[in-house]
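Observations on chain architecture
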Amino acid sequence: MVRTPSSGGGSSRKSGHRRIADILADDEDSSDESVFNGYGYGYGGRGGGMLPIFLNDQSDLVEVMLELDEESMVVRSVTPTSTAAAAASAGRDSSGSLSRSSSTASRIRRKFAWLRSPTSRRTLADMLATDDSSSGPLPAPAAAVSSRDARRIRARLERSRSGAKRALKGLRFISRTTTGAADAAELWRRVEDRFALLAKDGLLSREDFGECIGMVDSKEFAVGIFDALSRRRSQNLERITKEELYEFWLQISDQSFDARLQIFFDMADTNVDGRITREEVQELIVLSASANKLSKLKEQAEEYAALIMEELDPENLGYIELWQLEALLLQRDTYMNYSRPLSTASAAGWSQSIAGGPKPSRRRWFSPRRVAARLRLAAREKWQRAWVVSLWLAAVACLFAWKFTQYRERAAFQVMGYCLPTAKGAAETLKLNMALVLLPVCRNTLTWLRSTRARLFVPFDDNITFHKMIATAIVIGILLHAGNHLTCDFPRLIDSSPARYELVARFFGPEKPTYGSLVAGVEGVTGIAMVVLMTISFTLATHRFRKNGARLPFPLNRLTGFNAFWYSHHLLAVVYLLLLVHGYYVFLVQEWYQRTTWMYISVPLLLYVGERNLRAFRSKAFSVKILKVSLLPGGVLTVTMSKPHGFRYRSGQYIFLQCPTISPFEWHPFSITSAPGDEYLSVHIRTSGDWTQELKRIFIESYFSPHSMGRASLNELGPSEQRRQPRLFVDGPYGAPAQDFRNYDVLLLVGLGIGATPFISILRDLLNNIKLADELMDLAMETSRSEVSSNSFSFSTSSSSIKKRTYRTSSAHFYWVTREAGSFEWFKGVMNDVAEMDKKGIIEMHNYLTSVYEERDARTTLLTMVQALSHAKHGVDIVSGTRVRTHFARPNWKEVFNKLASQHPGATVGVFYCGTPTLAKELRKLSLEMSHKTSTRFHFHKEYF
């Protein structure tokens, strides 16, 4: 039912009845036809009145009461027709009826949103009405309105189907969109459960609305949605019933982009006049920034609101309308393309959706082809580790079997049984493992080996993993060796008959020993002491204790953390001395050449001791002068030091730092963030442990003023405001997986948080060398033009030498994923330097902020638009403050690998990762899969922090 004004006009209202179909039919020939056709409405039916497609279902017809005046039309009521009512009484339950009528009502309001809006519906002639006798150009306000009206019509005519389809994926108010009735029912059931917990007397308060619909961390934004939906009902609600909550839920979970856009518009349109002013845009920006915990954006909300108004309101009318906001969202990809040289073209294609993709189809439980493919991938990935571990296990097994067989044939076997050969076999493996466990931590040796061809078949990246494997084997050997001696050999020897004891009397003396005398002997004391010290060292080296994961009462809480691990590991020096003594006084051995312990451990022990002495000597020579210290957000220190004379390193390597003021014994590793060609050394230190916190305190209190703040810019160095300069010693450099980047055509560098530090040096080094090679090549080309043909051989020789000096790497893709927006301050200067130097698009830089909702979420929609507009105008990202755009949520790593494979067919891609072990598994798996499926070869390298 439609209540219309009288045909004569005037302010009085008279009642009249017209069908919606008649209104639509009358509007076909009007100037507003493009409004309906532009929005994609289809019409069906026969005869004069043509019904929209969504009203073709006669069983779903409703009676709509509309109130019209000269300037607006408001939906007053939506009630089912007699057909729908009969269907409801025929068997539909109450909840189904509620769902049907509420859904239909929301659809009517959505399709005819312009009807309910008090926005002026006057024609352009009415808006420009002037004296009939006047002539000349339109006044300035009238010209502005005319210009906007023309833009509105053009925007609706240019609204493409593809743009609307892409828009459907965005502007979501819930974390996952419903894809079917089952999903919708499940999501609503969860909302109902939360309503039961939060509601009081059957009413849900306005403040609890966010928690009820699942926006626990965005309650302010949810309150904005609540108020917008309340204003639609022309009410100022503080509490709602379950039925009203369901109607709200249907609207915010609607699949239609137009419906979601209308809600988003209503959130800003607080005075319900159908227009959004700059102040209302600013308020919505503040809401979005609060929901994403971006305090910096809240402080600049006024500036960004003015930027949006400048873009959408070129006529300076002071407000924007729904169609302008829609045009901005539909042109999303156009605005996002500004960062194509430095980042991905479309964030929608690279941000990982919370809901994920479509469910994979079910596969057969067993497939020979899949099994064979997995075996090939496993062999390709693990063949280096496989042959090293196999060789080690074979050596351990052979030594155990050899010693077991040897003592199985001795007379002592008659006295002690199988306990003796088992203990002796385990002892032989302990000798080997106590020697091998030192090799993976000989850092100088490993650094040198990384530069040789040994890197092709030895997995140096897994040195710490191999160190832990050997340590586990040592624990097993101790249990077998000490356990058999203490619980089996000694009791059987003591309880043996005199006749049997005579078989071993020459080893223990004429009198049978007691259990106490055996334990109190040199062998027993040294053995027990070694077990105790190794138990302490191994326990404090476990991940739980080393990372402060174990909660112990005072004063035992000091036994956790890196310091406890560091000092307890030095107890192993005493263990090796005891091992030499224990091996010399070993049971059942008399000849010196049979005491083989020293033969096993002498070479590795001397190598390790030599490396430690080299470190001590080199650190004294590598005392550095601190040039600059910066305190960055997130508790990160940037220390820029003078480069010691003769100090050479490669990008991706790391150094150890010692501060004698804190401790003369502790050395801590940090990745080098300066390039080899720089005249200084720089490191970024995250203050998360005892030593780093103390270093930060020393710098703040004794080195520079607490208010001195800076950024990690590598182009501006200056003397610090020194009071009392602490001393720092440098040891290194040491090899790391990232130093091998020169061996690959393309680089994929992935850093999590502070894990980006190894790659900053690589990026700068790569650019510096490519720039140098280009300059040398240009110089050689200019020289060749002035030379005669007889010198062509000389030019070709110089050109070949230039090519040899250049790196094999032609491009790099850097992905930095972090949870804190302040982290981008760490390398702000570095990223700007790279963006400025990268004239040929060699490097793609991608920043990802995981603490922000994904880019398709309504809570980040406006921020994404502001981000695009700001960069297009100022060339600076609003989140990172750099020229590199920040993506929201996590990267879709599968899409990243597919992109690299399509861009670089047949190339060798080095995938370097520094971060937590969780993501390493996914990247390793993708590297193997894509190497198998495409012609691009991905080689994965990792290091953990």
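Residues numbered from 1 in each chain as written. Predicted model: local features only at pLDDT ≥ 70, side-chain atom pairs only at ≥ 80, totals over all residues. Heavy atoms only, no water.

1. Some remarks on the overall build of the protein
On a plain count of helices and strands, the protein comes out with 39 helices and 20 strands. In the protein, which comprises 945 residues, the proportion classed as buried is 49%. Per element, the accessible surface of the protein, about 46,500 Å² overall, is 56% carbon and sulfur. (Helix = DSSP H or I, 4+ residues; strand = E, 2+ residues; numbered from the N terminus. Buried < 20%, exposed > 50% of the residue type's maximum accessible area, 1.4 Å probe, protein only. Areas by Shrake-Rupley, 256 points an atom, 1.4 Å probe, with all protein chains shown as cover.)

2. Re the sheet that holds strand E14 (residues 728-734)
Read across the open sheet, the 4 strands follow the order E8-E14-E11-E12; overall the sheet is antiparallel. Edge positions in the sheet fall to strand E8 (623-624) and strand E12 (668-671), since each has one partner strand and no second. In this structure, strand E11 (residues 654-658) lies alongside E14, joined through 4 bridges in antiparallel fashion. Bridged to phenylalanine 656 within E14 is aspartate 731. Packed onto the sheet, helix H32 (residues 597-621) meets E8, E11 and E14 and runs at close to 125° relative to E14. (Pairing = 2+ DSSP bridges. Contact = heavy atoms within 4.5 Å. Axes fitted to C-alpha atoms, helices over the stretch in contact; angles between N-to-C directions.)

3. As for the pattern of salt bridges
A full pass over the atoms with the stated rule returns 23 salt bridges. Between lysine 873 and glutamate 310 there is a salt bridge, and its shortest N-O distance comes to 2.9 Å. Here lysine 873, found in helix H37 (residues 858-874), pairs with glutamate 310, found in helix H16 (residues 301-312); they are 563 residues apart in sequence, far enough to count as distant. Here glutamate 694 ties to arginine 697 by a salt bridge, and the two come within 2.4 Å at their closest N and O atoms. Note that glutamate 694 and arginine 697 are positioned in helix H33 (residues 690-702) at a spacing of 3 residues, about one turn of the helix. (Salt bridge = Lys/Arg side-chain N within 4 Å of Asp/Glu carboxyl O.)

4. Details of the sheet that holds strand E10 (residues 636-642)
Strand order in the open sheet made by the 3 strands is E9-E10-E13, with antiparallel pairing throughout. Bordering the open sheet on either side are strand E9 (626-632) and strand E13 (680-686), each of which pairs with just one other strand. Along the sheet, successive strands turn relative to each other by an average axial angle of 15°, direction set aside. As paired elements, E9 and E10 share 6 bridges and run antiparallel to each other.

5. Structural notes on the UniProt feature "transmembrane region" (unreviewed entry) in the protein
According to UniProt, the feature "transmembrane region" (unreviewed entry) maps to residues 386-404, 465-483, 518-543, 564-586, 592-610 and 746-767 in the numbering used here. Taken as a whole, residues 592-610 contains 74% helix and 0% strand, while its terminal C-alpha atoms sit 27 Å from one another. (UniProt positions renumbered as here; feature names shortened; annotations may be inferred.)

6. Focus on the pairing of strand E17 (residues 843-849)
Judged by how many residues are buried, E17 sits mostly within the fold: 7 of 7 residues are covered. In E17, alternate side chains face the same way, and those of Ile843, Met845, Asn847 and Leu849 on one face and Glu844, His846 and Tyr848 on the other are all buried. Tracing the backbone out of strand E16 (residues 811-818), into helix H36 (residues 828-837) and back to the parallel element E17 gives a crossover that is right-handed. In this structure, E17 lies alongside strand E18 (residues 886-888), joined through 3 bridges in parallel fashion. Within the sheet, the bridge partner assigned to leucine 849 lies in E18 and is phenylalanine 888. (Right-handed = clockwise from strand over helix to strand, strands pointing away.)

7. Comments concerning a nonpolar patch on the surface
On the surface, Leu577, Leu580, Trp592, Tyr593, Trp598 and Met599 cluster together to form a nonpolar patch covering roughly 670 Å² of accessible area. At the level of secondary structure, the elements contributing two or more residues to the nonpolar patch comprise helix H31 (572-584) and H32. Mapped onto the fold, methionine 599 is located in helix H32. (Patch = residues over 30% accessible without salt bridge, like charges linked within 9 Å, V, L, I, M, F, W, Y side chains within 5 Å.)

8. Brief notes about the UniProt feature "domain: EF-hand" (unreviewed entry) in the protein
Residues annotated in UniProt with the feature "domain: EF-hand" (unreviewed entry) correspond here to residues 256-291. Helix and strand shares over residues 256-291 are 72% and 0% respectively, and the end C-alpha atoms of the span are 24 Å apart.

9. Some points on the environment of valine 603
Along the polypeptide, valine 603 turns up in helix H32. Counting along the chain gives 168 residues from valine 603 to alanine 435, while the straight-line C-alpha distance between them is 8.1 Å.

10. Observations concerning the packing of H16 against H37
Running from amino to carboxyl end, H16 crosses H37 at an angle of 75°, the nearest separation of the two axes being 10 Å. The angle between H16 and H37 falls in the class roughly perpendicular. In contact with Tyr304, Leu307, Ile308, Glu310 and Glu311 of H16, H37 contributes Leu862, Val866, Leu869, Ser870 and Lys873. When its residues are assigned to classes, the contact of H16 with H37 shows 6 nonpolar, 1 polar and 3 charged. (Parallel < 35°, antiparallel > 145°, perpendicular 65-115°, else oblique. Nonpolar A, V, L, I, M, F, W, Y, C, P; charged D, E, K, R; others polar.)

11. So, the packing of aromatic side chains
All told, the structure shown has 26 aromatic pairs when counted by the stated rule. Aromatic side chains tyrosine 654 and tyrosine 734 sit 5.9 Å apart centroid to centroid with 35° between the ring planes, which places their arrangement in the tilted category. Taken as a pair, tyrosine 654 in strand E11 and tyrosine 734 in strand E14 lie far apart in primary sequence, 80 residues in all. For tyrosine 654, a relative accessible area of 16% corresponds to the buried category. (Phe/Tyr/Trp six-rings, centres within 6.5 Å; stacked < 30°, edge-to-face > 60°.)

12. Considerations on the environment of histidine 813
Note on placement: histidine 813 falls in strand E16. A residue is classified by how much of its surface remains accessible, and histidine 813, at 3% relative accessible area, is buried. Put simply, histidine 813 and leucine 749 are 64 residues apart on the chain and 6.1 Å apart in space, counted from C-alpha to C-alpha. Non-local contacts of histidine 813, meaning those with residues more than four positions away in its chain, are made with Val746, Leu747, Leu748, Leu749, Glu844, Leu900, Gln903 and His904. Among the polar contacts made by the side chain of histidine 813, one reaches the side chain of glutamate 844 at a distance of 3.5 Å. In terms of polar contacts, histidine 813 uses its side chain to reach the side chain of histidine 904, at 3.4 Å. (Polar contact = N/O pair within 3.5 Å; in protein donor to acceptor, adjacent residues only side chain to side chain.)

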